[in-house]
Amino acid sequence: MNKIRSTLWFMLFTGVIVHMLCCTSLYIALTYMAKPDRNSNTNETTTVALCVKNAIDAENYNSTLSPLDHSANITRGEFEWTSDEVNVLRSSFTWFMGPAQLLGGMMCQRYGGKITFTLSNLIMAVVSLMIPFGAGLGIKVLIMLRVLQGIFGGAAIGNSANMLISKWVPPNERGKFSTVMAGLYTGTAFSYFLHGWVIHLLGWRAVFYVTSAIATMWCVAWHFIIYDSPQEHPYISPEEVKYIEKEIGNSISKKKLPIPWRAILTSTPIIVNTLCQFASMWTIFTFTLYIPAYLTEIHGFAAHKMGMLSSLPYILETLFAIVFGYLTDFLLHRHILSRTNTRKFAAFFNTIIAGSMFAALAFGGCNSVYILSLLTLAVMLHGASLSGIAPNVIDLSPNFCAILHGIQGFITSSAGYLSPLVITLIAHKGRGIREWNMVFVIIGCINIVPGILFMIFSQSEVQPWNYATQQTDVEKPDKKLLKNHENGNKMIFK
């Protein structure tokens, strides 16, 4: 990967981190913004974490809990919101994310990934700055701000990345380049760590001011550094442009093509990929929205310690995703596995193996060491998705990868409100260990079942409808292009 493409990777990676800082800031701050439910039987401003309370009641605190340093008292904030209001606020970010992703895919297709990503992160930064003020005006205003953030946040992140990768990155390098989306994990980890300490030192309002400042600085850098295609870049060498054009071949059209909606919506590889993407989003949303509360309310970790412990799985997930990306590209370059089986190999780790570990969390109870160890390992293995199901979409259709991501986003973003809904139904009488065990089993099943389907039905060759033209519904690709992709056409191990 040369210097200019490395710069693109770095800017995409950090842009995804900025996106996650804006997304997760409220989830982390919320525990310290809201007082206990005003409809509850207690008027205290602190509660005792469940596992800590159980241990104290049993007079066996030191032996029942792990040797980790816990904080039994959870400090609450200034706003008197009911638990139902808080649940609505948690899910509001995702309400219109689906339609926004579909429209964002069309916008990328028409205007390019650069401007779409710029506007997305910039508007999220401005809204972040308004959140402390909006909270003071009432929870309805805060919900409206989060809806607005979700609309603009959902419009760009994956759509822009896929569009830029399809134009800049040869097929056999997309495994490691797709690790730009590891910024989702790094951003979550950095958010837990940064926001935990900011809350601890400066209070919850400072979280949103810091986030807005970081996002704005990134937008300025992105605008002046990044270009939509190699042909537009003023400093790239002619040799590099020729290399990229040769490796990508004719899979990228130089003219606007009509979107083959029927072929896309009935494509079996797209359907199974979408199911896996849904499982991935369910996992991400559930852990992002609720793991900070789980570690605080059940295991009793203070804000700054919760931040560090919550961030560790995502740091390891990022490192694993990057290493695994290089591994899958190595397998492709050496012709050890076909492209289809390389994507299946990666997907096996992040769906079936990681899903089994998520389900096994149900057996952890109050054993913090068991919970944190298995949680860390499961989340780490989930990073293999960036070398399997993520680049698989670009493999199938480089021309329409942005709109494909938009369609998938329209469907998979429903996990953002279905997950809180399911958890609310499970925990309508309280979030105890039994309820959390059910949540973990559901996460496991939602990952394992699509993983099995992906093993059976997925493909990675360019689909015929990728070449749709105005004159004919499907135009036959040239032989040179098929040769470039024949690595991934076989469904057997080489």
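Please read all numbers here as calculations on a predicted model, not as lab measurements.

1. Points about the packing of helix H1 (residues 3-33) against helix H10 (residues 183-202)
Two elements in contact, H1 and H10, have axes whose closest approach is 7 Å; the angle formed by their N-to-C orientations is 45°. On the basis of their axis angle, the class for H1 and H10 is oblique. As H1 packs across H10, the resulting crossing turns out to be right-handed. Here Phe13, Val16, Ile17, Met20, Leu21, Thr24, Ser25, Ile28, Ala29 and Tyr32 of H1 lie close against H10, whose contacting residues are Gly183, Leu184, Thr186, Gly187, Thr188, Phe190, Ser191, Tyr192, Leu194, His195 and Ile199. Per-class residue counts for the contact of H1 with H10 are 13 nonpolar, eight polar and no charged.

2. Description of the pattern of salt bridges
Per the stated rule, a full pass over the model turns up three salt bridges. The shortest N-O distance in the salt bridge between Glu240 and Arg5 comes to 2.5 Å. Taken as a pair, Glu240 in helix H12 (residues 238-248) and Arg5 in helix H1 lie far apart in primary sequence, 235 residues in all. Neither Glu240 nor Arg5 differs from the other in exposure class; each is buried. The shortest N-O distance in the salt bridge between Glu78 and Arg205 comes to 2.9 Å. Linking Glu78 in the loop between strand S2 (73-75) and helix H4 (83-91) with Arg205 in helix H11 (residues 204-225), this pair joins segments that are 127 residues apart in sequence. Glu78 sits in the partly exposed class, given a relative accessible area of 39%. A relative accessible area of 33% places Arg205 in the partly exposed class.

3. Brief notes about the packing of aromatic side chains
Across all of its chains, the model carries 18 aromatic pairs by this definition. When the ring of Tyr290 is compared with that of Trp436, the centres are 6.5 Å apart and the planes differ by 70°; the resulting orientation is edge-to-face. Taken together, the positions of Tyr290 in helix H14 (residues 268-297) and Trp436 in helix H21 (residues 433-457) put the pair 146 residues apart, joining distant regions of the chain. Assigned by exposure class, Tyr290 and Trp436 land together as buried. Arranged with centres 5.3 Å apart and planes meeting at 35°, the rings of Phe320 and Phe324 form a pair that is tilted. One end of the pair is Phe320 and the other is Phe324, both in helix H15 (residues 303-333) and four residues apart, which spans about a single turn. Taken together, Phe320, Phe324, Phe345, Phe348 and Phe349 form an aromatic cluster joined through their ring pairs. Between the NZ or CZ atom of Lys114 and the centre of the ring of Tyr227, over which it lies, the distance is 5.1 Å. The side chain of Arg146 reaches across the aromatic face of Tyr27, ending 5.0 Å from its centre.

Rules and cut-offs
- Residues numbered from 1 in each chain as written.
- Predicted model: local features only at pLDDT ≥ 70, side-chain atom pairs only at ≥ 80, totals over all residues.
- Heavy atoms only, no water.
- Axes fitted to C-alpha atoms, helices over the stretch in contact; angles between N-to-C directions.
- Helix = DSSP H or I, 4+ residues; strand = E, 2+ residues; numbered from the N terminus.
- Parallel < 35°, antiparallel > 145°, perpendicular 65-115°, else oblique.
- Left-handed = near helix turned anticlockwise from the far one by under 90°.
- Contact = heavy atoms within 4.5 Å.
- Nonpolar A, V, L, I, M, F, W, Y, C, P; charged D, E, K, R; others polar.
- Salt bridge = Lys/Arg side-chain N within 4 Å of Asp/Glu carboxyl O.
- Buried < 20%, exposed > 50% of the residue type's maximum accessible area, 1.4 Å probe, protein only.
- Phe/Tyr/Trp six-rings, centres within 6.5 Å; stacked < 30°, edge-to-face > 60°.
- Lys NZ or Arg CZ within 6 Å of the ring centre and 35° of its normal.

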